[in-house]
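Results of the structural survey
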Amino acid sequence: MKYPRLFAALMKAGILVSCPSSWTLAQSVTDVKVAFLADIHLQDVYGDFESQEFKGVLNQKTGQMATIRTMESQLNSTRLFNENYFALLSALEDLRRKRIQWVVLPGDFTDDGQPMNVLALSRILKEYNQRYGMRFFLTTGNHDPVYPYGGPDGKRDFLGEKGQNQAVFSDPSLVSDSSAAISPPLANWGYFELIDPLQSFGFSQDPEDIFWTHPFLDWDYEGYSYEPIREKAGMDHRLFADPLSGFLLPDASYLVEPIPGLWLLAIDANVYTYSGPTERMDSSAWRGSSLGFNVAVASKEHQLNWIRKVSQEAKARGKTLISFSHYPLADFHQDRSAEMALLFGAGKLQLARVPLPDVSKLYAEAGIRVHFAGHMHINDTGKLAQADSTVLINIQVPSLAAFPPAYKTFHLLDSSTMHIQTHLIQHADRFDEFFDLYRMEHQWLNQKASSKTWNLKILDAENYLEYTQMHLQELIRLRFSESDWPERLKNLLQGISLQQVKTWLNTPVEKREALLDKMYDENQKAKQKGFLLEDFYLIKNGGDLGMGQIPQERAELYLQLPNRRLSSLDSSLNGQFSSFLRILGGLSTGLPSDDFFLDLQDLSIRRSGSLN
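Keep in mind that what you see is a predicted model, and the values were worked out from it rather than measured.

Parameters and conventions
- Residues numbered from 1 in each chain as written.
- Predicted model: local features only at pLDDT ≥ 70, side-chain atom pairs only at ≥ 80, totals over all residues.
- Heavy atoms only, no water.
- Helix = DSSP H or I, 4+ residues; strand = E, 2+ residues; numbered from the N terminus.
- Buried < 20%, exposed > 50% of the residue type's maximum accessible area, 1.4 Å probe, protein only.
- Contact = heavy atoms within 4.5 Å.
- Expected span 1.5 Å × (residues − 1).
- Pairing = 2+ DSSP bridges.
- Core = buried A, V, L, I, M, F, W, Y, C linked by side-chain atoms within 4.5 Å.
- Axes fitted to C-alpha atoms, helices over the stretch in contact; angles between N-to-C directions.

1. A look at the environment of Phe36
Among the structural elements, Phe36 can be located in strand 1 (residues 32-36). Assessed through its relative accessible area of 0%, Phe36 is described here as buried. In sequence terms Phe36 and Val397 are 361 residues apart; their C-alpha atoms lie 7.0 Å from each other. Beyond its immediate stretch of four places on either side in the chain, Phe36 contacts Val104, Phe324, Phe372, Val397, Tyr407, Lys408 and Phe410.

2. Some thoughts on the side chain of Ser360
Here Ser360 lies in helix 11 (residues 357-365). Those residues in contact with Ser360 that sit more than four places away from it in its chain are Leu329, Ala330, Pro355, Leu384 and Leu392.

3. So, unusual backbone geometry
For the bond running from Phe403 to Pro404, omega is -5 degrees, close enough to zero to count as cis. We note that Asp335 has phi near 60 degrees; this positive angle belongs to a residue other than glycine. With respect to the secondary-structure elements, Asp335 resides in the loop between strand 16 (320-325) and helix 10 (337-344).

4. As for helix 9 (residues 301-317)
For helix 9, spanning 17 residues, the distance from its first C-alpha to its last is 25 Å, which sits close to the expected 24 Å at 1.5 Å a residue. Looking only at helix 9, the buried set comprises Gln303, Leu304, Trp306, Ile307, Val310, Ser311, Glu313 and Ala314. Packing partners of the buried residues in helix 9 comprise strand 9 (211-213), strand 12 (254-259), strand 13 (262-267), helix 8 (293-299), strand 16 and helix 11. Positive phi shows up at Gly318, right after helix 9, with a value of about 70 degrees.

5. Thoughts on the pairing of strand 17 (residues 370-373)
Neither face of strand 17 is left uncovered, since the one carrying Val370 and Phe372 and the one carrying His371 and Ala373 both have all their residues buried. Of the strand pairs in this sheet, strand 16 and strand 17 are connected by three bridges, and their pairing is parallel. Opposite Ser323, over in strand 17, you have His371 as the bridge partner. Both strand 17 and strand 19 (residues 391-396) contribute to a ladder of four bridges, which runs parallel. Looking at the pairing, Ala373 lines up with Gln396 of strand 19.

6. As for the nonpolar core
Core analysis: the largest hydrophobic core is formed by 128 residues, its most contacted members being Leu37 and Phe372. Tallying contributions element by element places helix 3 (residues 84-98) first for this core, with seven residues. Apart from the residues within four sequence positions on either side, Phe372 is in contact with Phe36, Ile322, Ser323, Phe324, Ser325, Ile395, Val397, Phe410, Met418 and Ile420. Judged by nonpolar contacts, the second largest core, of 48 residues, contains Ile378, Phe403, Leu465 and Ile539.

7. Structural notes on the sheet that holds strand 5 (residues 135-139)
One open sheet accounts for seven strands, arranged 5-4-1-20-21-22-23; its pairing is mixed. In this open sheet, the two strands that pair with only one neighbour each are strand 5 and strand 23 (605-607). Taken pair by pair, the neighbouring strands of this sheet meet at an average axis angle of 25 degrees, ignoring direction. With respect to the sheet, helix 4 (residues 115-132) is in contact with strand 4 (102-106) and strand 5, its orientation differing from that of strand 5 by roughly 150 degrees.

8. Here we look at the pairing of strand 20 (residues 406-414)
With respect to burial, strand 20 is a largely interior element, seven of its nine residues being buried. Relative to strand 20, strand 1 runs antiparallel, the two being bridged by five bridges. Residue pairing in the sheet places Val34 in a bridge with Phe410 of strand 20. Looking at chain direction, strand 20 and strand 21 (residues 417-424) are connected through eight bridges and run antiparallel. When the sheet's bridge partners are listed, Lys408 is paired in strand 21 with Thr422.

9. Looking at the sheet that holds strand 17
Pairing is mixed in the open sheet, where seven strands are placed in the order 9-12-13-16-17-19-18. Two strands in the sheet have a free side with no partner beyond their single neighbour: strand 9 and strand 18 (380-385). With direction set aside, neighbouring strand axes in the sheet form an average angle of 20 degrees. Here six bridges tie strand 18 to strand 19, and the two strands are oriented antiparallel to one another. Following the sheet pairing, Ala385 is matched in strand 19 by Val391. Against the sheet, helix 11 makes contact with strand 18 and strand 19, and its axis sits at roughly 110 degrees relative to strand 19, the strand it touches most.

Limitation: the analysis is restricted to geometry and does not speak to function.
Structure below.
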């Protein structure tokens, strides 16, 4: 250990100590703040296609060629592709004003790992590092290295010069349309290419770090030295044998101690399946997975063993160990996922991404206690609590590219207390920069007389928060309501009024079915507009932040649902409605997800402002 580096880190953290005399120095981490920005899905909206056929679409507001996707594509996706660029800039400015120096990006920091987007992210982060001293720590998501060794790719839904879809691909072999453009920067980078320009963001050690290692290095905390490790930090030293194919795959996991006493554990839980036989190792040979630890637990056994080692060392040395990954490690539906699978089906609502209880327990037993994750674009706090006292807290960080657009921070108040807050990005400068181009697109779509044209009212949004909520509304209308819901239940929720819900709840259980059937028929004839479908997504996706967008009378009703008789005995409409309300009540009354305190000793949670 070199004491000058130690002193620099201590001073940067605002920790005042006396002259060091032993390795127990400053192991109690206090007054440290770390931010988490998840699922940015960055696309360079003014990038360079390096294409002869298509340069982008001229934005009259800026005089620049915009390289953006269509609004139609955004409103059929769980994420925005364009305005999230400005949300990232707003979030970074917010962190700068708050003087938060350590920032974690838990995966999907780009939208499919194209060179154009990776290099744009690198430029932005380097600017904030060089100008303001901010340190960034990244881990990979399923949209970063889409394939372990990259490959050709592209999109069919860039916005064209007249408002039409413009196909842009990296390789002519992918093109069947004569109007498609060729753009090499739209290929998918694999691990080696993608991580190279991002080395300084956690993927390799930094001279400021107290300690840094990865799963394939021999453990030597006391003997840690920057130069010897530097030679073994590259991805060519971080390969493991895929248990199914035997081929070598990268693992970008790492452990870093940026300030004395705080260990940040980055877990790369991406999993790829070989689909050969082929002589190529690019996208034609591999398929990625979005299931995270449910499949990583078997595919990356070496990683789980390494996590055990790290947690044992952290405990022995009195370190505060915080893990982060793109993927969650506990149920993120307030333990209602099993009920949701019975009502909607196991393949609906992305329920396959929920960690299995046995998988969560394995990682908790390995020593993971506090875990930050992205992937789901939701705001949630989950807790795995086993009878044998195995406990794990999973904190879901919202996406900047969806509702609710927010980031999280933790503040270590003392050795046993963490204050976790969620910060909404209500205002993002320039979020409406492309609205005139979308109006051109809408006009082009109307000429096609499409029955599913997106609602032009989204362009009336006055701020970024409102814009993302309207994005969710359109996503429900254009996609979710068609793909995930039992037909009659969907129709009921889209028409039932608040008074009708209250009347049904106050009706004896044996009379509810006849009453609900009558309500259903009346509402279908009247074409009455309901609210429950949107409220469900606001709460499921937004947690406390979503509840804050719901009128008080409805919110109070949802909070009382767990106290009502809501048992489901059959698959009738009445049974489905009862199940739905029970699930909604569970989601509404779960653990706090906005502003709360976490006891690092027993992992108990206390809502901010609560005395208990």
